[in-house]
Each structure stands twice: as structure tokens, then as C-alpha cells.
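So the chains spell out like this:
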Amino acid sequence: MEEKNWFIIRQFSQRNRKLKAAGYENYAEFLSDVRWKKIHELWIKKKRKGIRHWKVCYCCESPDRLQLHHLKYQNILRPVLGTSIVPVCDRCHAMIHEL
């Protein structure tokens, strides 16, 4: 468990360094920025088109209360749908962040 915690801390540190270098104070500021909103709008369009893997949770396939989750932070400033971010339901999203 300790090794897993260290990995998560390292991931968040990497994310925060990249965001600071790009001029963001924190992750919340990034999520309220136009860049992230464009990615979110693209996801909404894909959901409306009926593309199945954008309409259900990546983990449990629930269609309820979906959110976007970063799989990796290496390219946080240029996220790619399906590669670095995926839709997850709010329940699975909370469990992911508990790991």
C-alpha cells in the first residue's frame, strides 16, 4: 500500500509542476479554464453521437453521473480522449482516487 501511495503522490506532483509551469495556480484553476472546457464539450458531443464507450463508465459501464478522469498526467495540457482521459461514474471516480 505504501508503494501505491508514493506512486500517486508522484503523479500529483508531476501534474502540479506541469500546471504551474503553464501558469495555473492549481488543478481547480485548470479545470475551470477554456482548454479543459473544450475537451469536456468534445466528450459531450461524442456522447450525443451515441458512441458507446463515451456514454458509459470506463470501469463499471454505468451510464449514470459520468465525469472525466485523467488516466495519466504526462500530457495534461493536451489531453486525448480515450488515451489520457476516460469517462467514469462518480462512484468509480471516488474509488479510483481512494486507491
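The notes below deal with the structure included here. Being a predicted model, the structure only gives us computed values, none of them experimental.

## Considerations on the side chain of Ser62
Stage number 1. Position of Ser62 relative to the elements: it lies in the loop between helix 3 (34–48) and strand 1 (66–70).
Stage number 2. The class for Ser62 is buried, based on a relative accessible area of 18%.
Stage number 3. Excluding its chain neighbours within four sequence positions, the residues that come into contact with Ser62 are Lys55, Val56 and Cys57.

## Considerations on the packing of aromatic side chains
Describing an aromatic ring pair means giving the distance of the ring centres and the angle of the ring planes.
Stage number 1. Summed over all chains, the structure comprises 3 aromatic pairs.
Stage number 2. Note on Tyr27 and Phe30: the rings are 6.4 Å apart at their centroids and 25° apart in plane angle, and the pair reads as stacked. Of this pair, Tyr27 and Phe30 both sit in helix 2 (residues 27–31), 3 residues apart, roughly one helical turn.

## Concerning the pairing of strand 2 (residues 85–89)
Stage number 1. Most of strand 2 sits out of view: 5 of its 5 residues are buried.
Stage number 2. Residues Ile85, Pro87 and Cys89 line one face of strand 2 and the alternating positions Val86 and Val88 line the opposite face, and both faces are buried.
Stage number 3. The pairing of strand 1 with strand 2 spans 5 bridges and is classified as antiparallel. What sits directly across from Leu66, in strand 2, is Cys89.

## As for the environment of Trp54
Stage number 1. Within the secondary structure, Trp54 is located in the loop between helix 3 and strand 1.
Stage number 2. For Trp54, a relative accessible area of 4% gives the class buried.

## With respect to the pattern of salt bridges
Stage number 1. Evaluation of the coordinates by the stated rule reveals 2 salt bridges.
Stage number 2. In this structure, the salt-bridge partner of Glu25 is Lys20, at a minimum N-O distance of 3.4 Å.
Stage number 3. Across the pair Arg65 and Asp90 runs a salt bridge, and its minimum N-O distance is 2.8 Å. Here Arg65 is found in the loop between helix 3 and strand 1, whereas its partner Asp90 is found in helix 4 (residues 90–98), with 25 residues between them in sequence.
Stage number 4. The exposure class assigned to Asp90 is partly exposed, which follows from its relative accessible area of 26%.

Each value, and the rule that gives it
Here the residue index of a chain counts from 1 through its sequence in written order. Where totals are concerned, whole chains, interfaces and linings use all residues; where local detail is concerned, this predicted model gives features only for residues with pLDDT of at least 70, and gives and counts side-chain atom pairs only at 80 or more. Derived side-chain values reflect all non-hydrogen atoms in the structure, with water molecules and hydrogen atoms excluded from consideration. Secondary structure is summarised from DSSP: a helix means a run of H or I of at least four residues, a strand means a run of E of at least two, and numbering begins at the N terminus for each. Buried residues are those whose accessible area, probed at 1.4 Å on protein chains only, stays under 20% of the maximum for their type, while exposed residues exceed 50% and partly exposed ones sit between those limits. Residues are treated as being in contact if the distance between any of their heavy atoms lies within 4.5 Å. Stacked, tilted and edge-to-face are the three classes assigned to paired rings of Phe, Tyr and Trp, where Trp is represented by its six-membered ring and a pair needs centres within 6.5 Å; plane angles under 30 degrees give stacked, over 60 edge-to-face, the rest tilted. Strand pairing is assigned whenever DSSP identifies at least 2 bridges connecting the two strands. Salt bridges are counted wherever a side-chain nitrogen of Lys or Arg sits within 4 Å of a carboxyl oxygen of Asp or Glu.

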